[in-house]
Every structure is written in C-alpha cells, then in structure tokens.
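Each chain is listed here by its residues.
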Amino acid sequence: MSLGKTALRLIAAAVIAVAAIAAFIAWQQPGLLPVDPRAVAPSPTTQVITTGEYLARAGDCVACHTAPGGREFAGGRAMPTPFGALYVPNITPDDETGIGQWTADDFYRMMHTGVSRDGTLLYPAMPFASYTKVTRADSDAIYAYLMSVPPVKQKNRPHELKFPFNNRDLLIGWRTLYFQQGEYVPDPSQSPQWNRGAYLVQGLGHCSMCHTAINALGGSSESKAFEGGMIPNQNWYAPSLTSNREAGLGNWEIKDITDLLQIGVSHRGTVYGPMAEVVYNSLQYLTDEDVTAMAVYLKALPQRDSEPPPTSQARLVQPEVMELGRKVYARQCAMCHGNEGKGFPPAYPPLAGNQSITMATPVNPIRMVLNGGYPPGTRKNPRPHGMPPFAHILDDNEVSAVVTYIRVAWDNSGTPVTPAEANALRKLLPE
Amino acid sequence: MLLRAFLFVSIAVVSCASIAQDEGLPAFKQLDSMEARVQGCVTCHGQSGQGTQDGYFPRIAGKPAAYLYNQLVAFRDLSRKYPPMNYLVAYLPDAYLREIADHFSKQRPAYAPREQGAVDAATLERGRILATTGDAAKGIPPCISCHGAALTGMNPGIPGLVGLRPTYVAAQLVRWRVGDRHAAEPDCMKRIASRLSDADVTAVASWLSRQDAPAEASPESSNLVRMPFACGSQQ
C-alpha cells in the first residue's frame, strides 16, 4: 500500500518535473515579435512605384535606354537601323536633359500616340505601336517609377539618320500606314489569363518588334503579326511564333514555354542572342502568373504556315556533304548534344526536333556553330551551360556540312545549307 | 632516306597538332559541374585554360581570380572590346562570372612548348632587359617588378605572362598604347605601354614567349614588393 503511495508520489513528481521543463522550454522558445506600432503598410506611392518598376521590366525599357557601362535609363546607346544610327534618349527625371519636366499626361501621350512632350513625332524604334496598348493606370505607374530613379544629367545625342529619313515629316506617312492607336481591348470570349497574356505580349512585351517582319519602310503589317523576320542590323532571325515549323508553340507544353521565357532554357530549346537579352533584362523578372499567361496566349496563336514544307527534292543532300557533316558532328558536337541529337536538356538543348534548327532560314544555327553562345544567367538558372565558338576551327565547308547534317538527321525536316551562307555570316562580328 | 625522314617529321607534326587540338574539344565528365558549364570557353582557351594552338587566344589557367573576373566584367560591359568575348558573356551575372574566374584561376595544366620561330639575338636581349631590369632612361620599369619574379602574376589583379604567345602579348601592348584596352585608374599599364616603341613591343613579347615554364605557377601574393607605379587593379 505504502509502496503504491510512494510510486504514485514519484509519478506525480515526475509529471510535475516534466511539465515544468516543458514550460521552461516553451518560455525559452522565440515566439512572434510583438507588433511594432511604427510599422506601416506600404504607402500607395510605394505600391505604385513598385508596380511601375515591374511594368518597366515587362517593357524592357532599360535595355535600350541604358548605354553599355552607362547609368541606368540615361540613354546615349547607339541603335543602328537600316536608316542610320539612332541615339536613345535619357529618360531619367533630370529636369534639363531627361524627362524631369514631364507630367503623367505627357508620358501617357508619348506611350499612347508616339508623340514627345514638345510635339515631335517619335521614330518607331520606340515601340509605341505596341505601347499604345498599355492602360493609363499602367502608364502612370511606369511614369511614377521613372520619376523615382536617380536623375542623371546627360545630354541627348542627336540621331545620325540618312536622308530622307532624317526628316521627321516622313513619319506622318509611316504612322498612317503602320500605326494603329488604342489601348488593349480584352476579348470577352477568352479567359482572363489569355487576355493578360495578350496584353503583355502585344503591349509592354513589344514582341512583334522582332517577331513580325519589318519591310523596307521599317513598318510591319498586322496581317503578318508574329510570322517572324530578320532582325535588322543584328543578323539574327526572329522565328515565326505562328508556324510549327519555326517557333510556333502549338505543340509545346506550357511549362516548356514558361521555362524558355523566364529561365532562358527549356526541354525544347534555349534562347541566345537578342532573345537572351530580353530574358536577361525583362522576362526573368516577371511573375510565374504573368509568364504563364503569356505562354497560354502564345500557344493559342493561330498556326498558319505561310510557306509549304520543303519538298523532298529540296531536302536532298549530297552524300559526301552528309558524311563530312556526320564526321564534324561526331567530333565537335556529339559530346554535348548526343549521337542522337537529344542533348542534355535543359543544360544542352536538343537538336533533334528543335524547330530553331530546321526553320527555313538557317541563319541562327549557322551563327551558333560559328560563335557559340551562353544562355542568359537568370534568377532560376544563374549558372548556364555554354557552347563554344567553332569559327576558328571549322572552315565554310565544314560549317555548312555540319549545319546541313543537324537540319536533316534524326528525322529533322530542314534543308541543306551552302558554304556561301556560312561564309556570309562568318564575316559579320558576333552580336 | 630523306623522304622517309620527311614523312616521319610530317607525321609527327600532324599528330602533335591533333593532340593539341583535342585539348580544345568539348569534353566533360559530369553535367552538373563547372567543367561542363565552361565548355563555352574550351575551343579557344583549352579544356583547363591552357590555351590552344591558335596564337591569339591566351592561356588563362592560373591567372589571379580577380584579374580574370575584371576581364570578364569588362568584356560583358564593353569596356574591353573583343566581339567574340563580348557576345559570349553579354548576359551573365557577376556571381557567375566570379565563379568562372575562380574556376580557371585554380587550374594548373601543363604549359605549351615554348615559342621556337626565328628571332635575332639583339631583339631577345632587348626583351630580356625590358622584362628583368627595365629601361630607366625611358622610365620603363621591368615586367617582373609587378608581374612576379617568375612572371606568374600577382594577386589580386595582375596577370601572369608566362605561356602567353607573342601575338597576344604584342596585340595587348599595342591596344593599351592606343587607348583601346585599359585597366582601372590609375592605369599603370597605360603609362608603361605608351613608353614602348614598336621594336620594344616585339622584343618583350618574343622574350616572354621563350621562357621556361615556372616550377610553381601560382601568382605571387600582393604587396610582397613595392610596385614602381600605382595600379588601380591592385587597390
């Protein structure tokens, strides 16, 4: 009996001790910080500026309005065009040399109509034909953000355009032909996600600046929207987004599209050159939701191949060219892209079934063989794998043979390329 | 007999060339490694940064990490101009460029054979003097006073000069002289290059390329010596 009592007492003591230790531990555990009465929610101003910064990223303003090694948004960057060199203006809020004196109304008029504060017509290198789709609220947010960055005193450099393009009156004609003013109007038959994607792609993203062919007058026609084209002066081909033979995304998974846009690499392909710049400066900063919306819209673009697939006649390759290409491939390329062209995606892109290899113009694959390339280092892929240049190792015959090989091997549907095509691109400096 | 000897020599030359070129072929063991990530560099700088057959592309292995990083940033931001490099690193962030620089600074591959081509003795002697004692009358300090007693460079910002081909060294000196290449201010190399004549450039580039590989290829620590000129890259 007394033994039982002692045991009970011991158990009770043990329970109390455990409870005391538990209470002590709980007391030692850090809990929530007490609410700081001085902390405040971000002010409306902060919110607008933060939104504006995000939208300025979506519009990739920094890419053109910052000179290499120069201060952000201070302009001065030379933009070579077929019509001569344009020098991009200072858009920091400096009162004398920037846009410090501009009002939100001035800024919206410029974005929406392509007319500067003093009434001059802007050259269409400023993508106002796309930015016209931007809402007033978004334009105001971008304006608020630009007003908040450090002002830089740096005079704008006059453009160096050839006659007759140095006469801005010509722009009246250009605008009549190619400019359609108007904010984006949502399509009620489509989902909010599709509409958000369309708004970003057609508006701030200004994708059509490169992915729609530019004609001799520097204009692009709406009926050919997103059908692809050579990027003037950069000698890269911006593939069609509406052709499954090029970069048409109809048969891509949404994840591969968002990876390509936001990360720069995907299981279907990798961005290099001008698109690497867009991902580096702009798309990597967009939210998953916005990039997915863009992907949904791009994937849903109507597919309309403007050219029929190449005939089997056009795809014929001389056996000795094929053999040379196979040899070069085995020695220089197979290590990373694999004997079957499957690559090691997303580190090294696949070549088999890769539309950017087989599309009608071979400019991009030739340039890759000549100059190599690194995808952009992005927040989700900060340490990309790179491809070395081969221009100094392979002659024109070898370059054209290996590009021919990857365009027709593994059921790829491309056509052969000539040494002359390789030679023409070899003479250009890589950009 | 003569024919046989000729054949032997040509075969030897051909196989040498192909071995040397293999050093510039893409190859890696593990996909998720720096070795695989820097394949973009290998056709010009070799698998371990030892350089390749091509005389213009420099050895980068074992150069100080901060020097290599400065060059990568300068190529990206266009303050050092060489279009193939400017293009390759255009969209790479600082942290990654630092990692690439660290990677190559740690490599210690064998040095390529010394340059052989004919250069007259007087030129080599002038090169030796410039490199080891300098030319006080022209205000030119010797290379070794900053690039290390064994010419393996000095941390953090001064590159080694051993194992560089004369084409590369001469081109850099000339570009410095004309203001095409520059370093952080005060730009000590600018002061030196502008004092060198064309003949001096040829002499020093030829002599440097004929030096034996050092036993220890690492750069010297900084500030072991007082440098004759102030250099921005060391500050």
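As the structure is a computational prediction, the values presented were derived from the model and not from experiment.

### What about the overall build of chain B?
(1) Moving on: For chain B, the count of helices and strands is eleven helices and zero strands.
(2) Moving on: Reading the helices (α) and strands (β) of chain B from amino to carboxyl end gives α-α-α-α-α-α-α-α-α-α-α.
(3) Moving on: Within the span of chain B, comprising 235 residues, buried residues form 43% of the whole.
(4) Moving on: Taking the intrachain contacts of chain B between residues at least 6 apart in sequence as the baseline, contacts between residues at least 24 apart amount to 67%.

### A word on the overall build of chain A
(1) Moving on: A count of helical and extended segments in chain A gives 17 helices and five strands.
(2) Moving on: Its C-alpha atoms give chain A principal-axis dimensions of roughly 105 × 60 × 45 Å.
(3) Moving on: When burial is assessed residue by residue, chain A has 43% of its 431 residues classed as buried.
(4) Moving on: Pairs at least 24 residues apart make up 64% of the contacts formed inside chain A by residues separated by at least 6 positions.

### Quick look at the domain arrangement of chain B
All names here are of chain B.
(1) Moving on: Each assigned domain of chain B is listed here: domain 1 (31–109) and domain 2 (121–234).
(2) Moving on: A C-alpha centroid distance of 21 Å is found between domain 1 and domain 2.
(3) Moving on: Taken together, the 14 residues of domain 1 in the interface contact 18 residues of domain 2.
(4) Moving on: For the side of domain 1 that touches domain 2, the class distribution of residues is five nonpolar, four polar and five charged.

### Focus: the sheet that holds strand E3 (residues 160–161) of chain A
All names here are of chain A.
(1) Moving on: Across the sheet, which stays open at both edges, the three strands sit in the order E1-E2-E3 with antiparallel pairing between neighbours. The sheet is open, and its two edges are formed by strand E1 (78–81) and E3, each paired on a single side.
(2) Moving on: Note that strand E2 (residues 84–87) and E3 share two bridges and pair antiparallel. Note that in E3 the partner of glycine 84 across the bridge is leucine 161.

### A few points about the interface of chain B and chain A
(1) Moving on: Contact with chain B, which involves 28 residues of that partner, is made by 30 residues of chain A.
(2) Moving on: Breaking the side of chain B that touches chain A down by element, the ones donating at least two residues are helix H2 (34–37), helix H3 (42–45), helix H5 (83–88) and helix H6 (94–105) of chain B.
(3) Moving on: Counting residues per element, the side of chain B that touches chain A draws most heavily on H5 of chain B, at four residues.
(4) Moving on: Split by residue class, the side of chain B that touches chain A holds 20 nonpolar, four polar and four charged.

### Looking at unusual backbone geometry
A negative phi holds for most residues other than glycine; trans holds for most peptide bonds.
(1) Moving on: Of the consecutive residues phenylalanine 163 of chain A and proline 164 of chain A, the connecting peptide bond is found in the cis state with omega at 5 degrees.
(2) Moving on: Residue placement: proline 164 of chain A occurs in the loop between E3 and helix H7 (170–178).
(3) Moving on: The step from glutamate 185 of chain B to proline 186 of chain B runs through a cis peptide bond, and the omega angle for that step is -5 degrees.
(4) Moving on: Relative to the elements of secondary structure, proline 186 of chain B occurs in the loop between helix H9 (166–177) and helix H10 (188–193).
(5) Moving on: One non-glycine residue with positive phi stands out, namely phenylalanine 73 of chain A, at about 70 degrees.
(6) Moving on: Relative to the helices and strands, phenylalanine 73 of chain A resides in the loop between helix H3 (61–65) and E1.
(7) Moving on: Take phenylalanine 73 of chain A: there are 27 C-beta atoms within 10 Å of it, and that puts it in the buried class.
(8) Moving on: Positioned with a positive phi, tryptophan 410 of chain A is a non-glycine residue whose angle comes to about 50 degrees.
(9) Moving on: Here tryptophan 410 of chain A is to be found in the loop between helix H16 (396–408) and helix H17 (419–426).

### Observations concerning H16 of chain A
All names here are of chain A.
(1) Moving on: An ideal rise of 1.5 Å per residue puts 18 Å on 13 residues; H16 measures up with 18 Å between its terminal C-alpha atoms.
(2) Moving on: Taken together, the buried positions of H16 are occupied by Glu398, Val399, Ser400, Ala401, Val402, Val403, Thr404, Tyr405, Ile406, Arg407 and Val408.
(3) Moving on: Buried residues along H16 sit against helix H13 (319–337), helix H14 (355–358), helix H15 (363–371) and H17.
(4) Moving on: Backbone geometry just after H16 places tryptophan 410 at a positive phi near 50 degrees.

### So, the environment of isoleucine 91 of chain A
Residues and elements named next belong to chain A.
(1) Moving on: Residue position: isoleucine 91 is located in the loop between E2 and helix H4 (104–113).
(2) Moving on: With 26 C-beta atoms counted inside 10 Å, the residue isoleucine 91 sits in the buried group.
(3) Moving on: As a C-alpha pair, isoleucine 91 and glutamate 72 span 19 residues in sequence and 9.0 Å in three-dimensional space.
(4) Moving on: For isoleucine 91, the contacting residues outside a window of four places in its chain are His65, Phe73, Gly75, Gly98, Ile99 and Leu146.

### Things to note about the nonpolar core
(1) Moving on: Of all hydrophobic cores here, the largest spans 142 residues; its most connected members are Met294 and Val402 of chain A together with Val89 of chain B.
(2) Moving on: It is helix H4 (residues 65–76) of chain B that provides the largest number of residues to this core, a total of eight residues.
(3) Moving on: In contact with methionine 294 of chain A, other than residues within four places in its own chain, are Gly197, Leu200, Val201, Gly205 and Leu261 of chain A.

### Remarks on the pairing of E1 of chain A
All names here are of chain A.
(1) Moving on: Relative to E2, E1 runs antiparallel, the two being bridged by four bridges. For proline 80, the partnering residue across the bridge sits in E2 and is alanine 85.
(2) Moving on: Linking two consecutive strands that pair antiparallel, namely E1 and E2, is a turn of two residues.

### Thoughts on the environment of glutamine 154 of chain A
Residue and element names in this part refer to chain A.
(1) Moving on: The topology assignment puts glutamine 154 in the loop between helix H6 (136–148) and E3.
(2) Moving on: In this structure, the C-alpha to C-alpha distance between glutamine 154 and tryptophan 410, residues 256 residues apart in sequence, is 54 Å.
(3) Moving on: Look past the residues within four positions of glutamine 154 in its chain and what remains in contact with it is Ala74, Gly75, Gly76, Asn90 and Thr97.

### Considering the packing of H4 of chain B against H6 of chain B
All names here are of chain B.
(1) Moving on: Look at H4 against H6: their axes get within 8 Å of each other, and the N-to-C directions meet at 135 degrees. If you check the angle between H4 and H6, you find them oblique. In this structure, H4 crosses over H6, and the sense of that crossing is right-handed. Residues Ala65, Leu68, Tyr69, Leu72, Val73 and Arg76 of H4 lie in contact with H6, whose contacting residues are Asp94, Leu97, Arg98, Ile100, Ala101, Asp102, Phe104 and Ser105.
(2) Moving on: Partitioning the contact of H4 with H6 into residue classes produces nine nonpolar, one polar and four charged.

### Topic: the domain arrangement of chain A
Residue and element names in this part refer to chain A.
(1) Moving on: Domain boundaries assigned for chain A yield domain 1 (44–178), domain 2 (192–299) and domain 3 (319–426).
(2) Moving on: Computed over C-alpha atoms only, the centres of domain 2 and domain 3 are separated by 22 Å.
(3) Moving on: Taken together, the contacts link 23 residues of domain 2 with 22 residues of domain 3.
(4) Moving on: Listing elements by their share of the side of domain 2 that touches domain 3, those giving two or more residues are helix H10 (254–263) and helix H11 (273–281).
(5) Moving on: If one sorts the elements of the side of domain 2 that touches domain 3 by residue count, H11 sits on top with four residues.

Conventions adopted
- Residues numbered from 1 in each chain as written.
- Chains lettered and ligands numbered in written order.
- Predicted model: local features only at pLDDT ≥ 70, side-chain atom pairs only at ≥ 80, totals over all residues.
- Helix = DSSP H or I, 4+ residues; strand = E, 2+ residues; numbered from the N terminus.
- Buried ≥ 20, exposed ≤ 12 C-beta atoms within 10 Å, placed from the backbone.
- Contact = placed C-beta atoms within 7 Å.
- Domains from an automatic or database assignment.
- Nonpolar A, V, L, I, M, F, W, Y, C, P; charged D, E, K, R; others polar.
- Pairing = 2+ DSSP bridges.
- Expected span 1.5 Å × (residues − 1).
- Core = buried A, V, L, I, M, F, W, Y, C linked by C-beta atoms within 7 Å.
- Axes fitted to C-alpha atoms, helices over the stretch in contact; angles between N-to-C directions.
- Parallel < 35°, antiparallel > 145°, perpendicular 65-115°, else oblique.
- Left-handed = near helix turned anticlockwise from the far one by under 90°.

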